[in-house]
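Fold and contact review
One-letter residues, chain by chain:
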Amino acid sequence: MKRFLSGGGAPAKVARKAATLAPRGDPRTIICWNVENLKSRATQNRREVRDFLGACGADVVFLSEVKLAAHCDKGAKKGDGAPRNRRRVSDKFHDDKVQCAALLDVGPFAAPIYSLADWRYAGTCCLLRSDGPAPRRVSFSLEPPDAPPARNSVAFADDHDPDGRVIVLEYETLVVLHTYSPNNGNDAKSFERRRLWEAKVRAFAEAVRVRGRSLVYVGDLNCAPTDDDLSHPAWFRAWNSNQPGKRLGKDRERLEADDEGQPGCTPRESRYFDALLRAGGLFDAFRDARGAGAGAATIEGPHFSWRGRRKGWFAGDGKRRGTPRPST
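This report concerns the structure included in the present document. On a predicted model such as this, the values are computed, not experimentally measured, just so you know. (Residues numbered from 1 in each chain as written. Predicted model: local features only at pLDDT ≥ 70, side-chain atom pairs only at ≥ 80, totals over all residues. Heavy atoms only, no water.)

Looking now at a negative patch on the surface. Residues Glu143, Asp146, Asp158 and Asp159 make up a contiguous surface patch of negative charge. Within the secondary structure layout, Asp158 lies in strand S9 (residues 155-160). (Patch = residues over 30% accessible without salt bridge, like charges linked within 9 Å, V, L, I, M, F, W, Y side chains within 5 Å. Areas by Shrake-Rupley, 256 points an atom, 1.4 Å probe, with all protein chains shown as cover. Salt bridge = Lys/Arg side-chain N within 4 Å of Asp/Glu carboxyl O. Lys, Arg positive; Asp, Glu negative; His and termini not counted. Charge placed at Lys NZ, Arg CZ, Asp CG, Glu CD. Helix = DSSP H or I, 4+ residues; strand = E, 2+ residues; numbered from the N terminus.)

Written as structure tokens, this is what we have:
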């Protein structure tokens, strides 16, 4: 469900690299990737990740769902409201800190810029190319940018999304927003969380447009807004529905029709996505480049943004890789 919409706790060696960044220009190549636990990538795929980062040529690389805990004073506990340094990996998890720092200490990039949650949950990270364009300001919430960013140094904002889901880079002519959007879930409480999140994102996009600035929005939006984004639309729309045996989780209240479907694939989320495009004057660059009608397979496609899970209720089902489900 990755989209591209257009219109800290590092070793001293890495930290010194960050100090060389100076605001200049706009990025040309942006990559975003949901790593599903950065420590897992450091222990299971270290060579592949480092080889990719070293050769990709990107000006900016965003990583979401890093699952690293923010640094806090000794004795702080989850949900206690104690201050956190969300740009620094917790010393409590020393192995996480060291292994991830080593993974991301790749020649082309400066020290990682983190925005982290209180515990090993969600969280995002940004890598900036050392000799590439650097932003004038880096912020970590969905508060719309107001005053022009600094020109002579990279300014860092203090406010963070509590789950570390947001990184905003303000360049000469571009505002680049990266989010790891919360999953829609399967009950009224999670639906409401998603509604409030989408309202904030729309307000951010509209504020950028009204102020005459150009916005690029990338990340894991946890949304597959059209049937072209799904390998088997009917299958995904049936799950978490009122059909017998199709509900996810333990909550069994009857769903409204707009909330039926695999999280990310509901009619309500599709409308949220359309409203976002209108509010920000954006277009879906992924679908614009790939075209509609994903079902018409070619040598270059089809191109889906969602195929399913490898575990849980979807385990073992061939549909997650586009294979027709055996008839019964």
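From this point, things continue past the structure.
As a packed pair, helix H5 (residues 188-210) and helix H7 (residues 267-280) sit with axes 8 Å apart at the nearest point and diverge in direction by 15°. Considering their axes alone, H5 and H7 lie roughly parallel with respect to each other. Here H5 runs over H7; the crossing is right-handed. Residue-level contacts link Arg194, Arg195, Glu198, Val201, Arg202, Ala205, Glu206 and Arg209 of H5 to Glu269, Tyr272, Ala275, Leu276, Arg278, Ala279 and Gly280 of H7. Classifying every residue of the contact of H5 with H7 by side-chain character gives six nonpolar, one polar and eight charged. (Axes fitted to C-alpha atoms, helices over the stretch in contact; angles between N-to-C directions. Parallel < 35°, antiparallel > 145°, perpendicular 65-115°, else oblique. Left-handed = near helix turned anticlockwise from the far one by under 90°. Contact = heavy atoms within 4.5 Å. Nonpolar A, V, L, I, M, F, W, Y, C, P; charged D, E, K, R; others polar.)

For Asp259, the position within the fold is in the loop between helix H6 (233-238) and H7. Overall, Asp259 belongs to the buried group, its relative accessible area being 6%. C-alpha separation for the pair Asp259 and Phe191, spaced 68 residues apart in sequence, amounts to 8.1 Å. Aside from chain neighbours lying at most four places away, what touches Asp259 is Phe191, Asn240, Thr266 and Arg268. Separated by 2.7 Å, the side chains of Asp259 and Arg268 make a polar contact. (Buried < 20%, exposed > 50% of the residue type's maximum accessible area, 1.4 Å probe, protein only. Polar contact = N/O pair within 3.5 Å; in protein donor to acceptor, adjacent residues only side chain to side chain.)

With that settled, consider the sheet that holds strand S6 (residues 113-115). The four strands lie next to each other as S2-S3-S7-S6, forming an open sheet whose pairing is mixed. Strands at the two margins of the open sheet, each flanked by one partner only, are strand S2 (30-34) and S6. Each strand axis lies, on average, 15° off the axis of its neighbour in the sheet, ignoring direction. Relative to strand S7 (residues 124-128), strand S3 (residues 60-64) runs antiparallel, the two being bridged by five bridges. Bridge assignment links Phe62 to a residue of S7, and that residue is Cys126. (Pairing = 2+ DSSP bridges.)

Ranked by internal contacts, the top residues of the largest apolar core, which has 22 residues, are Leu38, Leu104 and Tyr114. Looking at this core, the elements that each hand over two or more residues are helix H2 (38-44), helix H3 (46-55), S3, helix H4 (94-104) and S7. With three residues, the single largest contributor to this core is H4. Core analysis: the second largest hydrophobic core is formed by 19 residues, Cys126, Ile167, Leu174 and Val218 among them. (Core = buried A, V, L, I, M, F, W, Y, C linked by side-chain atoms within 4.5 Å.)

With five of its five residues buried, S7 lies for the most part within the structure. Across the two faces of S7 the burial is the same, with Thr124, Cys126 and Leu128 and Cys125 and Leu127 all buried. As paired elements, S6 and S7 share three bridges and run antiparallel to each other. In the strand pairing of S7, Ser115 is matched with Thr124.

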